[in-house]
Each structure stands twice: as C-alpha cells, then as structure tokens.
Amino acid sequence: MGGERQHYYGKHGTPQKYDPTFKGPIYNRGCTDIICCVALLVAIVGYVAVGIIAWTHGDPRKVIYPTDSRGQFCGQKGTKNADKPYLFYFNIVKCASPLVLLEFQCPTPQICVEKCPDRYLTLLNAWASDFEYYQQFCVPGFQKSRKSVAEALRDGDCPAVLTPSKPLAQRCFPAVHAHKGVVMVGNETTYEDGLGHRKNVTDLLEGAKKANGVLEARQLAMRIFEDYTVSWYWIIIGLVIAMMLSLLFVILLRFLAGIMVWVMIVMVILVLGYGIFHCYMEYARLRNEAGSDVSVVDLGFQTDLRVYLHLRQTWIAFMIILSILEGIIILMLIFLRKRILIAIALIKEASRAVGYVMCSMLYPLVTFFLLCLCIAYWASTAVFLSTSNEAVYKIFNDTACPVARKTCDPETFPGSNESRLCPGARCQFAFYGGESGYHRALLGLQIFNVFMFFWLVNFVLALGQVTLAGAFASYYWALRKPDDLPAFPLFSAFGRALRYHTGSLAFGALILAIVQVIRVMLEYLDHRLKAAENKFAKFLMTCLKCCFWCLEKFIKFLNRNAYIMIAIYGTNFCTSARNAFFLLMRNIIRVAVLDKVTDFLFLLGKLLVVGSVGILAFFFFTHRIRIVQDTAPPLNYYWVPILTVILGSYLIAHGFFSVYGMCVDTLFLCFCEDLERNDGSQERPYFMSPELRDILLKGSAEEGKREEVS
C-alpha cells in the first residue's frame, strides 16, 4: 500500500514538506514572467495607437444617419441637409437588384428630403400642373426650364413617379397595404412609370420588401430601444432588488451558513415546483381556447413573444423543462447529502474568512468598473474603425455599359470619357471604403481590436482572482485567527499582484485569449458555411468547436488554481500551474466530490436570486401585479425588460457569489497543502480551524476506507 502511494505521488509530483518558516503568502518575492509583462505593455501602447488612428479617421454618424447619392448625411446638424432628415429613393424597385448585395447600396438616385411624399403623382402630370411640389423630390439645383421630361428622366434628375410613403428608420418607403386582398399604394392598385405606362403595385411591393428586409433588424432594434427608454426606471429597480437580495443572502450566509444553505435548497425546489404548477394551470386554461393547439414550428419566429404564451405547446414545454431540472436537483441532493454536509463546513469557513476580510465583498465593483472600461474602449474602437472608410463613388447604368461599377469622381464625371461611353450612366455614391494602406489594413486592425479585448478582459479577471486568493490565503495560514491576520490583506494582495505578477497574469490571460479568438473564428466560419451541403465539413467544424470549448474550460480551471499558487508562493505562471495541477491530482477525489459540490450549492443560490427577481419582473411587466399605484409602462415587447432584469440579476448574483467561490477554492487548495505539510501534532499543527478539521478529516478518513475496500 505504501509503495502504491509513493508511486502515485511520484506520478503526480512531490508533496509539500514541512517548513517551519512558512506562514502563508510569501512577502519577499520577485517579479515573474517579465517578458509577458513587457509584451502586454507594448500591446497596450499599440492598442492606444490603433484607437487614436480610428478616432481620427472614423465617423460614427455613418452608422446612425442615412446618406444620399453623394455621400452627404440626411438630417445631421451642420450639413447642407440639416433640415432634410429623410432619404428618398427615385425608384425603390431597383433595390431588389443583386447590386444591393454587392455594393450595399440601391442602384438608384437618392436624395435627402424634408418629408416623404404624401400623394400619388407622375412626373408627366406634375410637369404641366404641380411641379412646385414635385421639384422637392428632384436632385438639388434642377431647373425645369433647361430640360424636357424625357431628358430629366434620362439624366436621373427627377423620379418618374411619386407614391404615398411613410418614414422608416429615416427612409421613405411606399405605404403598401392590402385592402380586401388587393395590394394598394395609398388608394391605387396600379401606378405609372412616368411615361404613361401602367404597372401593377405588386412590382413596387417587391422592391419595397427588399429594402424593408434590409432594415427589419434596424426597426426591431429601434422598438427595443423604445422599450428601454420607457422601462429603464423599473429595470434599475429590479436590479437593485437583485443586489439587495444577493447582499442579504451573503450577510445571512456569514452568520447562518448551514441554515441558509438548506433554506436555499428548499427554496429552489419550491420555486421550481411553483413554476411547474403555474405551467400546468396555464396549459389547462388554454385547453378549450381556439387556436391554442397550433404548434410552435407552424407558427414560426415572432418578435412579439406574447403570441407563444397563447399556445399549449409552449406551457407543456416549460413544464417538462422545469420538471427535468427539479428531478435532477432532487436526485443530486439524495446522492450527495453527505458531501453537502462537508461542503457546508467549507462554506462556513469561507463565511468566516469573508467576515474578516469584508472589503472583499466590494472588490467585484472594481472588476466591474475595469471590465466596463475594456468593453467601452473595444466597442468605440470597433465603431470608429468600421466607419473610417471614405466615400467611394461608382458608375451605375440601367443598361449594359463597359465601365459600369468602376470608381469615379462625381465632380469630373460629367465631362469624362466614361460619361461619353455610357450617356445614361451616373456617378453615384456606392459605399464607404478606400484604397490606401490604412483601409487595406482595417480587417487586421479589427482582429487586433478583438484580440486585445479578450486579452485585457482576461487580465482584469485574473487580477481579481489573484487579489482575492492572496487575501483569503492570508486568513487560512494565520495560525491564530484573526490575531495573526495581516492588516489590510486585500490591499496587500492587490499590490503584490500588480507589482510582481503582472507578467504572470498577462501570460495566463494571453493563452486564454488565443483560444477564445480561435473560437470566434470558428463561429464565423461556421456561420459562413451554413449554406454548404458538405456533411464532412459540418462534422469537422462541430468537432473543432467542441474541442476548443473543452480546452477553454480546462484552461480557465487551470488558470484559476495557478493564480492561487501565484498569490501564495509568488512563482511564475508555468511553475504555479504545474504545482496546482499536481496538487489537485493528488487530491482528485476531494476535488470531484467536495469542491464541485460547493459550486453546485452556489449555483442554486444564483438560481434562487435570479428566479425570484425574474418571477417578480414577469408578473409586473405583464400587468399581473402593481407596485403601490404605479403599473408597468406600455411596451412593444415585454420580454425586453424581463430578459434584461434576469441577465442583470444573474451578473449581480454572480459577482457576489464569485467572492465566495474564490474563497472556497483558495481554502480548499490551502487545505490540501496543509495536509501535506503538517500532521496535526504540536510540532506541526494544522492551520485549518478545528471545525473544518473535524469535518474534512472525517470525510478524508471515509474516502480512505473506501479506497482500501476497493
């Protein structure tokens, strides 16, 4: 038996030996992974340079405001079109052309107008009677006296026909509707093309649909934005409630850890049970309602999710999902009941550690602030990079033309050879791009922006983990708690992490960032290959995505434990990762049955907070309940604030529970080290508390007996 144990230890590293001078996190340490520290600083300087270049060349107005055929903004203050907020298309039917997909621009003249046309009128009719109204929809500077109707249509100076239109996302689209099954524009079922030819409105509808489809996502985004503008106050209240619940739960966990864990378990079971009951009651209520038996597949995707709540299939699906979750949780509680008792002891010890380092509960705010800075810098840089292209003009022609789609200069085009080759051609704004070296490097700069975003975010998270681990390790390795606890352990750990281990944190964050960038590229390739019918390519892509997902999870787990070893011993990243991995392998049974049980209990705590706030938000925003005299505001999609509250509540709960999670992981790793360094005698006493020693050593003895029997 001793030979097997010695072989096992030799296989997974050498156990730590007793060291009378070791009293916890080492203070006399040196800088680690200096090369990675220098690389991170150089990368940050380059990132700042990229941001400055992007801010110099970029113009976010290109994303917000539409542009006419000369690339001028509509409705932007300080421009020629400041009083013309809407974009008018001369012939919207041409928006159905394949050129829209190639050039991202409709191959028809476009101008900025004060308001969309509100009547049906042809150029031929307006020329003789009502041209003053019609002229506002011609190109600026056009004079009726200089050209005939045919010449104006040939040169693209005026549209052939005006149709009643409505603004959508600052674009004028025909007010197409159906009346008694007949497609109409205003009160008309046909329209003239400007030369006296009557055409069916359905042709116009196809072009409108094509252009409208391009802007459907924008319309959805605008409606969601409207919902946020009227519900932000209640969303903040919901998030504050989630924060108060999380804080109350953590405070109670500090003093009543055992009771609170069992209350949390019972409450999660009751919340899921109520969810199952509510789904069944809704299912029973819809049993006799007409149309409730329509399947979700037949209904298809609807932006108004309230439609699905009128289907029985929706509620039976919710009931099945909740029942499966309820069954899994109950089975895990039955089979892990003894492990839960041990995990509760570890949580009690973590509660005492958090109680002595109370400022650790506020550290997630620092992490949140730094993450917001990273996200804001990345998003703004991405927008400025994507809008730093220059206006590109190309030749458009309705008929075959040898110089069609070639670049041109709108100022010199009327007298150029290209205009003589194709008399009906127009030099029109096509898209934003460029031919300079900077414009050719835009794709690489965007990739660098994404890579730096992942690197900096992972670095911020690593800094938080090392800081918390250093503070809680100081608590564990204090022989007389809290007398031997150093002053301001959290600030000391934060200073050590930045002063000595910036390079190690950058190294671990770099490895994780590379894997995450690869995963993003795989997702992009998978999106591009969705239309492919090659089953082998799809299978290979699925395998790669799965493998890199597993690799990312493993690296996160290894980094987390490596950061704990860095906080304690001050070794470099590779040494810390190796020592942490071998230490966990020497205690693999405890890792599997103890450390992960606490993660499961913390997950239940998050679900309790999120579930409670989510149910409250659902009943409020669906007008099931009222708060005092106030009621929920009218919304386009009530699921927008509900999902926002649920997601925000989870992030808030995760922020509070992450402190406990890091504390438990640190104490667990220190406990494993303590068992290897000491034997509990007077000469080599354990550093763990007597309560933790009684529970954990008893559990270890039981595991040892099971190993001997097996």
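Please read all numbers here as calculations on a predicted model, not as lab measurements.

**Comments concerning the state of the cysteines**
Counting across every chain of the model gives 3 disulfides. Linked covalently through their sulfurs, Cys138 and Cys158 form a disulfide whose S-S length is 2.0 Å. Disulfide Cys138-Cys158: torsion about the S-S bond near 110 degrees, hence right-handed. Separated by 20 residues along the polypeptide, Cys138 in the loop between α6 (131-134) and α7 (149-154) and Cys158 in the loop between α7 and β4 (161-162) bring together distant segments of the chain. For Cys138, a relative accessible area of 3% gives the class buried. Note on Cys36: no disulfide assigned, nearest cysteine sulfur contributed by Cys574 at a separation of 8.3 Å. Looking at Cys36, the relative accessible area reads 16%, which means it is buried. Its sulfur unpaired, Cys670 is 9.3 Å from the next cysteine sulfur, which belongs to Cys672.

**Structural notes on a nonpolar patch on the surface**
Together, Leu247, Leu248, Ile251, Leu252, Phe255, Leu256, Ile259, Val263, Val266, Met267 and Leu270 make up an exposed nonpolar region whose accessible area comes to about 960 Å². Contributing elements (two or more residues each) for the nonpolar patch: α9 (216-255) and α10 (257-285). Here Leu252 is to be found in helix α9.

**A closer look at the layout of surface pockets**
In this model, the second largest pocket occupies a volume close to 1,300 Å³. Lining the second largest pocket are 35 residues, and of these Phe318, Leu322, Ile615, Phe618 and Ile646 lie nearest its centre. Residue assignment for the lining of the second largest pocket shows that the elements contributing at least two residues are α10, α12 (312-335), α22 (588-621) and α23 (639-677).

**Quick look at the packing of α10 against α12**
For the pair α10 and α12, interaxial distance at closest approach is 9 Å and the crossing angle is 155 degrees. Judged by the angle between their axes, α10 and α12 are roughly antiparallel. You can see that α10 and α12 cross each other, and the crossing is left-handed. Residue-level contacts link Ile265, Val268, Ile269, Leu272, Gly273, Gly275, Ile276, His278, Cys279, Tyr280, Glu282 and Tyr283 of α10 to Arg312, Trp315, Ile316, Phe318, Met319, Leu322, Ser323, Leu325, Glu326, Ile329, Ile330 and Leu333 of α12. Residue composition of the contact of α10 with α12, grouped by class: 17 nonpolar, 4 polar and 3 charged.

**Remarks on empty space enclosed by the protein**
This structure, assessed with the given rule, holds 5 cavities of 30 Å³ or more. Of the voids in this model, the largest cavity is the one considered here, and its volume is about 120 Å³. Lining the largest cavity are 11 residues, with Trp234, Gly238, Leu616, Ala617 and Phe620 positioned closest to its centre. Of all the secondary-structure elements, those providing two or more residues to the lining of the largest cavity are α9 and α22. Ranked by residues supplied to the lining of the largest cavity, first place goes to α22 with 5 residues. Here the lining of the largest cavity is built from residues that sort into 10 nonpolar, 1 polar and no charged.

**What to know about the nonpolar core**
Counting residues in each nonpolar core, the largest one holds 118 residues, and the members touching the most others are Leu253, Val261, Trp455, Phe472, Tyr476, Leu601 and Leu604. Top contributing element to this core by residue count: helix α17 (residues 442-476), with 19 residues. Among residues more than four places away in sequence, those in contact with Phe472 are Ala353, Val354, Val357, Ser360, Val659, Met662, Cys663, Thr666 and Leu667. Grouped together as the second largest cluster of nonpolar side chains are 20 residues, Ile111, Trp127, Tyr134 and Phe137 included.

**Describing the environment of Phe277**
With respect to the secondary-structure elements, Phe277 resides in helix α10. With a relative accessible area of 47%, Phe277 lands in the partly exposed category. Put simply, Phe277 and Met319 are 42 residues apart on the chain and 8.1 Å apart in space, counted from C-alpha to C-alpha.

**Some details on the confidence of the model for the chain**
Mean pLDDT for the chain: 78, with 80% of residues reaching 70 or above. Within the chain, no element has a lower average pLDDT than helix α4 (residues 99-103), which sits at 41, and none a higher one than helix α2 (residues 34-57), at 93. Long-range and interchain partners of residues 178-215, a stretch whose pLDDT sits below 50, account for 80 contacts in this model, where long-range means more than four residues apart.

**What to know about α17**
If you check α17, its first and last C-alpha atoms are 51 Å apart, about what 35 residues at 1.5 Å a residue would give, namely 51 Å. Summarising burial for α17: 27 of the 35 residues are buried, a large majority.

**A word on the packing of aromatic side chains**
With the rule as written, the count across this model stands at 31 aromatic pairs. Geometrically, the ring pair formed by Trp55 and Tyr377 is edge-to-face, given 5.5 Å between the ring centres and 75 degrees between the ring planes. Here Trp55 is found in helix α2, whereas its partner Tyr377 is found in helix α14 (residues 363-386), with 322 residues between them in sequence. Looking at Arg119, its charged tip hangs above the ring of Tyr133, at a distance of 3.7 Å from the centre.

Rules of the game
- The numbers attached to residues start from 1 for each chain and follow its sequence in the written order.
- Confidence filtering applies because this is a predicted model: local features only for residues at pLDDT of at least 70, side-chain atom pairs given and counted only at 80 or more, and all residues used for totals across whole chains, interfaces and linings.
- Side-chain calculation: all heavy atoms of the structure are included, whereas hydrogens and water are not.
- Disulfides are defined as cysteine sulfur pairs within 2.5 Å.
- Only runs of H or I of at least four residues qualify as helices and only runs of E of at least two qualify as strands under DSSP, and these elements are numbered from the N terminus.
- Note on classification: 1.4 Å probe, protein chains only; a residue is buried when its accessible area is under 20% of the maximum for its type, exposed when over 50%, partly exposed between these limits.
- Candidate patch residues must exceed 30% relative accessible area and have no salt bridge, after which like charges are joined if within 9 Å and Val, Leu, Ile, Met, Phe, Trp or Tyr side chains if within 5 Å.
- Shrake-Rupley sampling with a 1.4 Å probe provides the accessible areas, and residues are treated as covered by the protein chains on show and by no other component.
- The salt bridge definition used is simple: a Lys or Arg side-chain nitrogen within 4 Å of an Asp or Glu carboxyl oxygen.
- Buried and open spaces are told apart on a 1 Å grid over the protein atoms alone, a cavity being a set of points where a 1.4 Å probe fits but cannot get out and a pocket being an open set with protein on both sides within 12 Å along at least five of seven lines. Residues with an atom within 4 Å of a point are the lining residues.
- Grid points are joined across faces, edges and corners, and a volume is the space filled by probe spheres set on the points.
- To get an axis, fit a line to the C-alpha atoms, keeping to the stretch in contact for a helix; angles then go from 0 to 180 degrees between the N-to-C directions.
- Geometric relationships in this document are graded by angle, where less than 35 degrees denotes roughly parallel, more than 145 denotes roughly antiparallel, 65 to 115 denotes roughly perpendicular, and other angles denote oblique.
- Helix crossings fall into two classes, left-handed where the near helix is turned counterclockwise from the far one by less than a right angle and right-handed where it is turned clockwise.
- Residue contacts are counted whenever heavy atoms from the two residues lie within 4.5 Å of one another.
- Side-chain classes are defined by residue name, with Ala, Val, Leu, Ile, Met, Phe, Trp, Tyr, Cys and Pro counting as nonpolar, Asp, Glu, Lys and Arg as charged, and the others, Gly among them, as polar.
- The nonpolar core is taken to be a set of buried Ala, Val, Leu, Ile, Met, Phe, Trp, Tyr and Cys residues, with the residues joined through side-chain atoms within 4.5 Å.
- As a per-residue quantity, pLDDT reports the predictor's confidence and falls between 0 and 100.
- Expected helix span is given by 1.5 Å per residue-to-residue step, counting one fewer step than there are residues.
- A pair of Phe, Tyr and Trp rings is counted when the ring centres sit within 6.5 Å of each other, with Trp represented by its six-membered ring. The angle between the planes then sorts it: under 30 degrees is stacked, over 60 is edge-to-face, the rest tilted.
- We call a charge positioned over a ring when the NZ of a Lys or the CZ of an Arg lies within 6 Å of the ring centre and within 35 degrees of the ring normal.

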